[in-house]
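Here is how the chains run, residue by residue.
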Amino acid sequence: MEKTRRDFMKTAGMTALAGSLIGSPLFTAGQVSAQDAGAPSSIELPPLPYAYDALEPYIDTATMQIHHDKHHQGYVNGLKAAEAALAEARDKNDYAMIEYWSKKLSFNYGGHYLHSMFWEIMAPSGNGGGGQPAGLLMQYIAKDFGSFDNFKAQFTAAASKVEGSGWGVIHYRPMDDRLVIGQIENQHKLAMWGSTPIMGIDVWEHAYYLKYQNKRGEYVDNWWNIVNWPSVSKRFRAAKGV
Ligand code: MN
C-alpha cells in the first residue's frame, strides 16, 4: 500500500509535534493545516442585514425567516458536510463517493454564495431599494444592453423562465469587460467561468411560493422595488477592480 502523508507523519512522529503547534502563528488558515486531512471551512451563515419584515410587502416576513434561517442555513450545513466527508475520504484514502460529494460541494457552495449575495443586494423599498442604478454601473448597462429598459426586460425574462429551480443573475465578465445576464439552474449549473455575479434573484419556489404561489412572473416584477442598486454598484466595482 502506498504511503500517505499521514503514514509518513506518524512514522516520523510528527503528529504530536503538529498538535503542539496548533494555535501557533505558524499554523494559520490557508497556509499550513494542523489537521492531517486539511483544515475545515470557516464559512458560516451571515446575518440578514435588515429585519425579516423589511422587504414587505414584496417579500413577506415568513418567507424571509424560512428562507434565511432554514434554507440558507441548510446550504451552509451541506457545504460543511461535504467538506467533512471529503476530509474523511482523504484521511482514509477512500474515494468511492467522490462524485457524490464533489456535486454536493458545488451545489451547497453555490447556494451559500448566491444567497449571501441575494440578502446583500436587496433593501426596503424607498429606503435603499428600488429605482435605477447610477454612475458607472448605469453606463455599463447602457453600453452592454442598449438601455436600462432593455436590460430589465431581458433580466426579467431570464429570471421568470428558468426551467425548474434556479436564479436570474447578472455577471461581470472581465475577459471582455462586459455585463452579461444568465440563468442559473439549481445553485450552480450554467455558471460562466471567470465571471462574477453582481446581482441575482432567487426563483426557487421557496423564495416566493407562500405569497405568490405559482405566479413567479409577478414576484420577479415586484422584486425590482427592492433591488439595492448602491450595493449592486459596489459589487460591480469590486468585480471590476475600480
Ligand atoms: Mn433560496
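Enquirer: It is not clear to me how the pairing of strand E2 (residues 178-185) should be interpreted in this structure. Could you clarify?
Expert: Put simply, side chains in a regular strand alternate between the two faces of the sheet. Judged from the 8 bridges that link them, strand E1 (residues 166-173) and E2 form a sheet pairing that is antiparallel. The partner of Ile170 across the bridge, within E2, is Ile181. From the end of E1 to the start of E2, which pair antiparallel, there are 4 residues, and Asp177 there has a positive phi angle of about 55°.

Enquirer: Looking at this structure, how should I read the coordination of the manganese ion?
Expert: The reference angle at a metal is 109.5 degrees if four donors form a tetrahedron and 90 or 180 degrees if six donors form an octahedron. Ligation of the manganese ion by protein atoms is provided by His67 (NE2), His115 (NE2), Asp202 (OD) and His206 (NE2), these donors lying 1.9 to 2.1 Å from the ion. Taken in chain order, the donor set of the manganese ion reads H-x47-H-x86-D-x3-H. With His67 in helix H3 (residues 61-92) and Asp202 in strand E3 (residues 196-202), the pair connects residues that are 135 residues apart, well separated along the chain. Under the relative-accessibility criterion, Asp202 is labelled buried at 0%.

Enquirer: Got a minute to help me understand the confidence of the model for the protein chain in this structure?
Expert: Low pLDDT means the predicted atomic positions in that stretch should not be read closely. For the protein chain, per-residue confidence averages 89 on the pLDDT scale, and residues scoring 70 or more make up 86% of the total. Counting contacts from residues 1-34, a segment whose pLDDT is below 50, to residues more than four positions away or on other chains yields 21 contacts.

Enquirer: Teacher, can you tell me more about helix H9 (residues 229-240) here?
Expert: For an α-helix, 3.6 residues make a turn, and residues three or four places apart therefore share a direction. The terminal C-alpha atoms of H9 lie 16 Å apart, and with 12 residues this matches the ideal 16 Å at 1.5 Å per residue to within 8%. Taken residue by residue, H9 has Trp229, Ser231, Val232, Ser233, Arg235 and Phe236 as its buried positions. Buried residues belonging to H9 abut helix H4 (98-120), helix H5 (135-145), helix H6 (148-160), E1, E2 and E3. Of the residues one or two after H9, Gly241 is the one with positive phi, at around 75°.

Enquirer: What am I meant to see in the packing of aromatic side chains here?
Expert: Centre-to-centre distance and the angle between the planes together describe a pair of aromatic rings. With the rule as written, the count across this model stands at 23 aromatic pairs. Pairing Phe151 with Trp229 gives two aromatic rings, centres 6.3 Å apart and planes at 65°, and the pair type is edge-to-face. Placement of the pair is Phe151 in helix H6 and Trp229 in helix H9, with a sequence separation of 78 residues. Since its relative accessible area comes to 3%, Trp229 is described here as buried. Between Tyr172 and Phe236, the aromatic rings sit 5.6 Å apart at their centres with planes inclined by 75°, giving edge-to-face as the arrangement. Placement of the pair is Tyr172 in strand E1 and Phe236 in helix H9, with a sequence separation of 64 residues. Taken as a pair, Tyr172 and Phe236 share a single burial class, namely buried. Ring-pair connections join several aromatic residues into one group, and the members of that group are Phe118, Trp119, Phe145, Phe148, Phe151, Phe155, Trp167, Trp223, Trp224 and Trp229.

So, how was this worked out
- Residues numbered from 1 in each chain as written.
- Predicted model: local features only at pLDDT ≥ 70, side-chain atom pairs only at ≥ 80, totals over all residues.
- Heavy atoms only, no water.
- Pairing = 2+ DSSP bridges.
- Helix = DSSP H or I, 4+ residues; strand = E, 2+ residues; numbered from the N terminus.
- Donors = N, O, S within 2.8 Å, 3.2 Å for Na, K, Ca; no water.
- Buried < 20%, exposed > 50% of the residue type's maximum accessible area, 1.4 Å probe, protein only.
- pLDDT = per-residue confidence, 0-100.
- Contact = heavy atoms within 4.5 Å.
- Expected span 1.5 Å × (residues − 1).
- Phe/Tyr/Trp six-rings, centres within 6.5 Å; stacked < 30°, edge-to-face > 60°.

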